[in-house]
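These are the residues of each chain, in order.
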Amino acid sequence: MSKTLAVFNMKGGVGKTTTAYNLAVGLVKFHSAKVLLVDIDPQGNSSVSLGIPIWELELQLKDVLQKRATVDEVVIFSKSGVHVIPSNILLAEEEIPISGLPGRELLLRKALSNISNNYDFVLIDCPPNIGVFSVNALMASQEVIIPVDMSYLGLLGINAVERAITMVRSALDHPIELAGVLGTRFDGRNKLSKEVLSSLEQHFGSKMFQAVIPETVKLREAPSYGISIYDHDPTGAGAQAYEDFVTEIVSQYE
């Protein structure tokens, strides 16, 4: 059975896209999984990071949400082996029209319903807010991964993320679960990084992933080449940390 996971945080700069696309590639590369990555962030960063020329798209996610195209017509097979439903900034221009559609919170869930079982994992890269696109992502998902960067503001933003998930559970009656919280942008030389990680571990307990993603230049560079960290810096700390994270994800669903 396919697992659909949203990668979500309302704060930007937490490594959300870095996590989404490296998790997707890692599942394919190390576990031969069939993976669909849905880029519902209008910035299109996950799509770009997988080498997709987003400004040359004839069809994209907005066309699926507006029922102008089927998912099969939009999916792109990336060179990494990940199937991608891409987006670009034109998705943002359609936010108001999409927000006015009947059943607007369920548009993505319905669009994916016919194809999700073709995949072992469906990953959804969310925008850094709780607008209609993030709500669609959460409503389409069984569980949510929350990347949190090692900053005071990252720690402070946890309350807002938890409130958003509670809202989806209660107001929209969707029993989404927490897959786990991933510490990102960790600098072992930095006292604040250690304090934030400790606070997260105390708050989330067993829901903290054991893998911790370091702050590295190579992780920031990789998207500019349209490749994963495993291809850009295969022996580096970032690649090892994400490979460990991928292993944890797989072990949860074995």
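Everything quoted here is computed from the prediction, not taken from an experiment. (Residues numbered from 1 in each chain as written. Predicted model: local features only at pLDDT ≥ 70, side-chain atom pairs only at ≥ 80, totals over all residues. Heavy atoms only, no water.)

J.: What's the story with the sheet that holds strand S2 (residues 35–39) in this structure? I'm lost.
T.: The strands making up a sheet associate through backbone hydrogen bonding, with each pair oriented either parallel or antiparallel. If you trace the eight strands from one edge of the open sheet to the other, you get S3-S4-S2-S5-S1-S6-S7-S8, paired in mixed fashion. Across the chains shown, the open sheet's two edge strands, defined by having one partner strand only, are strand S3 (76–77) and strand S8 (208–214). As paired strands, S2 and strand S4 (residues 83–85) are joined by three bridges and run parallel to one another. Bridge pairing in S4 places Val38 opposite Ile85. The sheet contacts of helix H1 (residues 16–31) involve strand S1 (3–7), S2, strand S5 (121–125), strand S6 (143–149) and strand S7 (177–186), and relative to S5 the element is tilted by about 165°. (Pairing = 2+ DSSP bridges. Helix = DSSP H or I, 4+ residues; strand = E, 2+ residues; numbered from the N terminus. Contact = heavy atoms within 4.5 Å. Axes fitted to C-alpha atoms, helices over the stretch in contact; angles between N-to-C directions.)

J.: Help me understand helix H8 (residues 132–140), please; the structure alone is not making it clear to me.
T.: Every α-helix carries 3.6 residues per turn, so stepping three or four residues along brings you back to the same face. Within H8, nine of the nine residues are buried, which leaves it mostly tucked inside the rest of the structure. Along H8, the residues that are buried comprise Val132, Phe133, Ser134, Val135, Asn136, Ala137, Leu138, Met139 and Ala140. (Buried < 20%, exposed > 50% of the residue type's maximum accessible area, 1.4 Å probe, protein only.)

J.: What exactly am I supposed to notice about the layout of surface pockets here?
T.: A water-sized probe, rolled over the atoms, reveals where empty space remains. As a volume, the largest pocket reaches approximately 460 Å³. For the largest pocket, the lining is made up of 23 residues, of which Gly13, Val14, Gly15, Lys16 and Thr18 are closest to its centre. For the lining of the largest pocket, the elements supplying multiple residues, two or more each, are H1, helix H2 (45–49), S7, S8 and helix H12 (217–221). Ranked by residue count, the leading element in the lining of the largest pocket is H1, at three residues. In terms of residue class, the lining of the largest pocket is built from seven nonpolar, ten polar and six charged. (1 Å grid on protein atoms, 1.4 Å probe; cavity = no way out; pocket = protein on both sides within 12 Å on 5 of 7 lines; lining within 4 Å. Points joined across faces, edges and corners; volume = space filled by probe spheres on them. Nonpolar A, V, L, I, M, F, W, Y, C, P; charged D, E, K, R; others polar.)

The values reported here are purely geometric and, on their own, carry no functional implication.
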